[in-house]
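# Coordinate inspection notes
As a plain string of letters, each chain reads:
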Amino acid sequence: MDDVLRPLLVIGGTVTLTLVIGWVIDRMLRIADARHGETRIWGLLRRCQLPLQVLLASSAVQIAYDLFDLELRRNDVFHGVLATVTIAAAGWLAIRVANAVAENVLTRYASRTQDEARVRQFRTQLAMLRRVVTSVLAVVAAAVAILLVFPGLRTLGTSMLASAGVIGIIAGVAAQSMLGNLFSGLQVAFGDSVKIGDTVVVEGEWGTVEEISLAFLTVRIWDDRRLTMPVSYFNSRPYENWSRGGHEITGTVFLHLDHTAPVAALRKHLQEFLLGRKDWDGRAWSLVITDTTPTTIEVRAAMSARNADDVWTLRCAVREELITWLRDQHPYALPRVATSPAAVAPAPEA
């Protein structure tokens, strides 16, 4: 009975002590967060409580196990599980701390910088670095666990060195696409070609870049659908980036009208309409005839806006307003279909 009760008391007491220590640390972080409202780091570090608690508990149990000379039937299995949990918790904690620091740095940078484009670029680069750091820490934790906890695998690894060259070639060929996307993701993040929050047109779809990962880029389309594409696409094919160089954009509306359309009056009405629109930024506007056919003329109305969302709304409003105004005030200016018989060609002279 003592062989069972004593280990349970020691392990239970150790875990209880670590829970108290974790609660005290969380309480201190909460107090620091309340006193230092100018920074978010203390509040963000509170997200590390769970991995910290697991790390403290597993480490303390290992120390208490050796300190009190506890003996279980499968000591090797117990030590292996504890070591694995400790290594995994340490990696988990490191990832949480890195994410908290990165988010705090982004918040402070955004508060000091008024240039939204630079903030979005920094967010994109920071998100890519966080994913790289997370992947590296996960691989390192797994490698340490294999080498320290499972020493038997070292012999297996030694026997595989003879075929490492062939395996490396096969793995390189098989992972060519994955590695290409990985390096393309780093190039996109630090090359400033596309950033999170940019308005793009890809494969005929208009949307906003919502997420950039190590392998894929997600575009949120205007109707809330998500278009997921490999990052390598943006390094090998052309696409439209409406946010490149600034968010300002000029929209156009094309109308096909009759040759008798009052273009000067239509131009004046467009100016009056734009002056009452909040989504027109006041930079530029125009209305010109861009083409003509035997039956109609093509009129182009152009107007500037602050961003892609405003220009879309403005284009729809201008198109509706001009058509309605012509229908009500100058119906003869709308295109017509000729239904009269064709003129007969004169007879040739004898």
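Scroll up for the structure.
The paragraphs below set out a description of the structure included in this document. (Residues numbered from 1 in each chain as written. Predicted model: local features only at pLDDT ≥ 70, side-chain atom pairs only at ≥ 80, totals over all residues. Heavy atoms only, no water.)

## Concerning the overall build of the protein
Short version of the rule: Under the scheme used here, helices are H or I runs from DSSP no shorter than 4 residues and strands are E runs no shorter than 2 residues, and both carry numbers assigned from the N terminus. Note on definitions: a residue-residue contact is assigned when non-hydrogen atoms from the two residues lie within 4.5 Å. Surface accessibility follows the Shrake-Rupley procedure with a 1.4 Å probe radius. Residue values consider only the protein chains on display as shielding.
Scanning the protein from N- to C-terminus turns up 11 helices and 8 strands. The contacts of the protein with a sequence gap of at least 6 include a subset with a gap of at least 24, amounting to 64%. Carbon together with sulfur atoms contributes 63% to the accessible area of the protein, which is approximately 21,500 Å² in total.

## A short note on the nonpolar core
Nonpolar side chains in soluble globular proteins generally cluster together in the buried interior. Using the following cut-off: The definition of a nonpolar core used throughout is a set of buried Ala, Val, Leu, Ile, Met, Phe, Trp, Tyr and Cys residues joined through side-chain atoms within 4.5 Å. Three exposure classes are used, based on accessible area relative to the maximum for each residue type with a 1.4 Å probe and protein chains only: buried under 20%, partly exposed in between, and exposed over 50%.
Of all hydrophobic cores here, the largest spans 22 residues; its most connected members are L257, L266, L287, M303, V318 and L322. Of all the secondary structure elements, the ones that give two or more residues to this core are β6 (249–257), α10 (263–275), β8 (297–305) and α11 (308–329). The element contributing the most residues to this core is α11, with 6 residues. Ignoring any residue separated from it by four or fewer positions in sequence, one finds L257 in contact with L266, T295, T296, I297, V299, L326, A333, L334 and P335. Residues V209, I212, V219 and V231 belong to the second largest nonpolar core, which totals 14 residues.

## Remarks on the sheet that holds β8
The test is simple: In this scheme, strands are said to pair when DSSP sees at least two bridges between them. Lines are fitted to the C-alpha atoms to define the axes, a helix being fitted only along its stretch in contact, and any angle between axes, read from their N-to-C directions, falls within 0 to 180 degrees.
Taken in spatial order, the 3 strands of this open sheet run β6-β8-β7, and their pairing is antiparallel. This sheet does not close on itself; its edge strands, each paired only once, are β6 and β7 (285–292). When the angles between neighbouring strand axes are averaged without regard to direction, this sheet yields 25°. Two elements, β6 and β8, share 9 bridges in a ladder whose sense is antiparallel. Pairing of F254 across the sheet is with R300, part of β8. Most of the contacts of α10 go to β7, to which it runs at about 145°, and overall it touches β6, β7 and β8. Each of β6, β7 and β8 is contacted by α11, which is oriented at about 25° to β6, the strand it contacts most.

## Examining the environment of A32
Assignment of secondary structure puts A32 in helix α1 (residues 2–35). In this structure, the C-alpha to C-alpha distance between A32 and W42, residues 10 residues apart in sequence, is 6.3 Å.

## Quick word on the sheet that holds strand β5 (residues 240–241)
Strand order across the open sheet formed by 5 strands is β4-β3-β2-β1-β5, with antiparallel pairing between neighbours. The open sheet has two edge strands with one neighbour each: β4 (226–230) and β5. Pairing geometry for strand β2 (residues 205–212) and strand β3 (residues 216–221), over 5 bridges, is antiparallel. Looking across to β3, one finds that E211 is bridged to T218.

## So, the pairing of β7
Successive side chains on a regular strand alternate, one facing one side of the sheet and the next facing the other. Of the strand pairs in this sheet, β7 and β8 are connected by 7 bridges, and their pairing is antiparallel. Of the residues in β8, the one forming a bridge with L287 is A301.

## Focus: the pattern of salt bridges
We apply this condition: For this analysis, a salt bridge means a side-chain nitrogen from Lys or Arg found within 4 Å of a carboxyl oxygen belonging to Asp or Glu.
For the coordinates displayed, the defined rule picks out 13 salt bridges. R46 is paired through a salt bridge with D26; the nearest N and O atoms lie 3.1 Å apart. With a gap of 20 residues between them, R46 in the loop between α2 (41–45) and α3 (49–67) and D26 in helix α1 connect regions that are remote in the sequence. The class of R46 is partly exposed, set by a relative accessible area of 28%. Where E205 meets R225, a salt bridge forms, and the shortest distance between an N and an O atom there is 3.4 Å. Separated by 20 residues along the polypeptide, E205 in strand β2 and R225 in the loop between β3 and β4 bring together distant segments of the chain. Among the residues examined, R225 registers a relative accessible area of 42% and is labelled partly exposed.

## Focus: the pairing of β8
Taken across its 9 residues, β8 has 8 buried, putting it largely inside the fold. Taking the residues between adjacent antiparallel strands as the criterion, β7 and β8 are bridged by 4 residues.

## Thoughts on unusual backbone geometry
Even without a glycine there, the phi angle at E203 is positive, about 55°. For E203, the position within the fold is in the loop between β1 (199–202) and β2. Although it is not a glycine, D224 sits at a positive phi angle of roughly 75°. Mapped onto the elements, D224 comes out in the loop between β3 and β4. For D224, a relative accessible area of 44% gives the class partly exposed.

## A closer look at α10
Filter applied, for reference: To estimate how far a helix should extend, the number of its residues minus one is multiplied by 1.5 Å.
A rise of 1.5 Å per residue sets the reference length of α10, with its 13 residues, at 18 Å; its end C-alpha atoms lie 19 Å apart and thus fit the reference within 8%. The inward-facing, buried residues of α10 contact β6, β7, β8 and α11.

## Details of the packing of α10 against α11
The description of two helices packed together rests on the angle between their axes and the distance between the axes. Put simply, the rule reads: Roughly parallel means an angle under 35 degrees; roughly antiparallel means over 145; roughly perpendicular covers 65 to 115; every other angle is labelled oblique. Helix crossings get a hand from a simple test, with the near helix turned counterclockwise from the far one by less than a right angle marking a left-handed crossing and a clockwise turn marking a right-handed one. Lys, Arg, Asp and Glu make up the charged group, whereas Ala, Val, Leu, Ile, Met, Phe, Trp, Tyr, Cys and Pro make up the nonpolar group; the residues left over, Gly among them, are polar.
Where α10 meets α11, the closest approach of the two axes is 11 Å, and the angle between their N-to-C directions is 135°. Here α10 lies oblique to α11, going by the angle between them. Relative to α11, α10 is oriented so that their crossing is right-handed. Each of A265, L266, H269, L270, F273 and L274 in α10 lies in contact with α11, whose residues at this interface are L314, A317, V318, E321, L322, W325 and L326. Residues belonging to the contact of α10 with α11 are distributed by class as follows: 11 nonpolar, 1 polar and 1 charged.

## A closer look at the side chain of D279
For clarity, the threshold we go by: Polar contact criterion, stated in full: a pair of N or O atoms within 3.5 Å, where within protein one must be able to donate a hydrogen and the other to accept it, and residues adjacent in sequence count only if both atoms are side-chain atoms.
Position of D279 relative to the elements: it lies in the loop between α10 and β7. In this structure the side chain of D279 is engaged in a polar contact, spanning 2.7 Å, whose partner is the side chain of R277. Ignoring any residue separated from it by four or fewer positions in sequence, one finds D279 in contact with S304, A305, R306, D310, T313 and L314.

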